[in-house]
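Each chain, written out:
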Amino acid sequence: MVDRVLVTLDGVVQDADAPLLFADDIGVLRGDGVFETVLVRGGSACALEFHLGRLRRSAQALELPEPELSRWREAVETAAKEWGTEDEGIMRLVLTRGRDSELSGARSSVKSGDLAAAVPVPTAYVLVMPVPERVAKARTEGVSVVTLPRGISIDLAQAAPWQLLGAKTLSYATNMAALRFAHRMGADDVIFTSTENRVLEGPRSTVVIARDKKLITPPAKNGVLPGVTQRALFAEAEKAGWTCSYELLFTADLLTCDSIWMLSSISLAARVNSLDGLRMSAPDNAQEIIDLVDRGIDRAGAIGDW
Ligand code: PLP
């Protein structure tokens, strides 16, 4: 059984134990790049077209060259096949601006008028690894969550597009720091709140609340990443008679709803079982929501309008 698969965008299966990046890759030096995290299940990449749509959107936001989606599809398919059907895997699609030295070279080429040489080559690869152990527990038992301030207004995404709030960039250091902070408080996960006390998202998940037969998530324009799993859930839930909407949520809404869900491509549906130390018991329809997410990501179809 393989425990890691690495495929570069030229379709070549690489030795996953051999070095791949140059020390001056701007993805490493500055986190200047984008990525996707995709669940591999039964030997194929779940909701791939949704992920590719978001990869393209994120690349546009960073003014990276347009990703060649057909090549990404092929590399993903090769990687998923290499990984096999036995176990689930966590697949990362990584795209960086490339090497700093090539970019500097490109700048001087532009100055000298040699435009043909002025195309830096982005770094692009697909990496599959085992799903972390915490995931099985999150799916079955749920997660304990603390709310933490993100220190931003819900208006920031529109007022300051250079903050790249709706793009999935490689700059995740603050998200990881928030998770470590939560772990020190004895919690598994975080719900970020805005300066207006509105609900934003988790460091690696979308927040959805359920109330009666209604599912609600904050709109992307509030500065949250549009979630693939949330979209897949909404598509499936609407077919099953749920009302799904994008609405501003106050932190108080978290306390008055039937259940809170942290949705992400790898953990899928993790129910919040305690919020800021307050226990939240499972509602009768918890399994229905879990099943809707499961079916949703299997059926997620064509690239949407992100
Ligand atoms: N929000 C953030 C900040 C994330 O990093 C992620 C996933 O990594 C999500 C939401 C959930 O998105 P998805 O369902 O596409 O995995």
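Criteria and cut-off values
Residues numbered from 1 in each chain as written. Predicted model: local features only at pLDDT ≥ 70, side-chain atom pairs only at ≥ 80, totals over all residues. Heavy atoms only, no water. UniProt positions renumbered as here; feature names shortened; annotations may be inferred. 1 Å grid on protein atoms, 1.4 Å probe; cavity = no way out; pocket = protein on both sides within 12 Å on 5 of 7 lines; lining within 4 Å. Points joined across faces, edges and corners; volume = space filled by probe spheres on them. Helix = DSSP H or I, 4+ residues; strand = E, 2+ residues; numbered from the N terminus. Patch = residues over 30% accessible without salt bridge, like charges linked within 9 Å, V, L, I, M, F, W, Y side chains within 5 Å. Areas by Shrake-Rupley, 256 points an atom, 1.4 Å probe, with all protein chains shown as cover. Salt bridge = Lys/Arg side-chain N within 4 Å of Asp/Glu carboxyl O. Buried < 20%, exposed > 50% of the residue type's maximum accessible area, 1.4 Å probe, protein only. Axes fitted to C-alpha atoms, helices over the stretch in contact; angles between N-to-C directions. Parallel < 35°, antiparallel > 145°, perpendicular 65-115°, else oblique. Left-handed = near helix turned anticlockwise from the far one by under 90°. Contact = heavy atoms within 4.5 Å. Near = heavy atom within 4 Å. Polar contact = N/O pair within 3.5 Å; in protein donor to acceptor, adjacent residues only side chain to side chain. Pairing = 2+ DSSP bridges.

- An unreviewed UniProt entry lists the protein chain under the name 4-amino-4-deoxychorismate lyase, with Nocardia bhagyanarayanae given as the organism.
- Its UniProt record gives the protein chain the following Sequence similarities (unreviewed entry) comment, quoted word for word: "Belongs to the class-IV pyridoxal-phosphate-dependent aminotransferase family."

## What to know about the layout of surface pockets
- Put simply, the second largest pocket is a space of about 450 Å³.
- Lining the second largest pocket we find 21 residues, and of these Leu9, Val121, Pro122, Thr123 and Ala124 sit closest to its centre.
- Broken down by secondary-structure element, the contributors of at least two residues to the lining of the second largest pocket are helix H3 (69-83) and strand S6 (123-130).
- Counting residues per element, the lining of the second largest pocket draws most heavily on S6, which supplies three residues.

## Concerning a nonpolar patch on the surface
- The grouping of Leu20, Leu21 and Val28 at the surface amounts to a nonpolar patch, some 230 Å² of accessible area in total.
- By the element assignment, Val28 lies in helix H1 (residues 26-30).
- Given the relative accessible area of 53%, Val28 is considered exposed.

## Comments concerning the packing of helix H2 (residues 48-61) against H3
- Between H2 and H3, the least distance of the axes is 11 Å, while the angle of their chain directions is 135°. Viewed along their axes, H2 and H3 adopt a mutual orientation that is oblique. Every pair of crossing elements has a handedness; the one defined by H2 and H3 is right-handed. Residues Leu48, Glu49, Leu52, Leu55 and Arg56 of H2 form the contact with H3, whose participating residues are Leu69, Trp72, Arg73 and Val76.

## Topic: the site of the ligand
- The full set close to the ligand counts 16 residues, and Arg54, Lys168, Tyr172, Thr229 and Ser265 are the nearest of them.
- Between an oxygen atom of the ligand and a side-chain N or O atom of Tyr172, the distance comes to 2.5 Å.
- Here the ligand loses 96% of its free accessible area of 380 Å² to cover by the protein chains.
- Of all elements in the fold, only helix H8 (228-239) and strand S12 (259-264) reach the threshold of two or more residues within the shell around the ligand.

## Considerations on the sheet that holds strand S5 (residues 89-96)
- As summarised here, the arrangement of the six strands in space is S2-S1-S6-S5-S3-S4, forming an open sheet in which the pairing is antiparallel. Because the sheet does not close on itself, it has two edges, and the strands there are strand S2 (13-14) and strand S4 (44-45).
- Pairing of strand S3 (residues 33-41) with S5, which is carried by eight bridges, proceeds in the antiparallel orientation. From the neighbouring strand, Leu39 faces S5, where its bridge partner is Ile90.
- Packed on one face of the sheet, H3 meets strand S1 (5-8), S2, S3, S4, S5 and S6 and runs near 25° to S6.

## A word on unusual backbone geometry
- Positive phi outside glycine occurs at Asn197, with the angle close to 70°.
- Despite not being glycine, Asp276 shows a phi value in the positive range, around 50°.
- As for its placement among the helices and strands, Asp276 is situated in the loop between strand S13 (268-275) and strand S14 (278-279).

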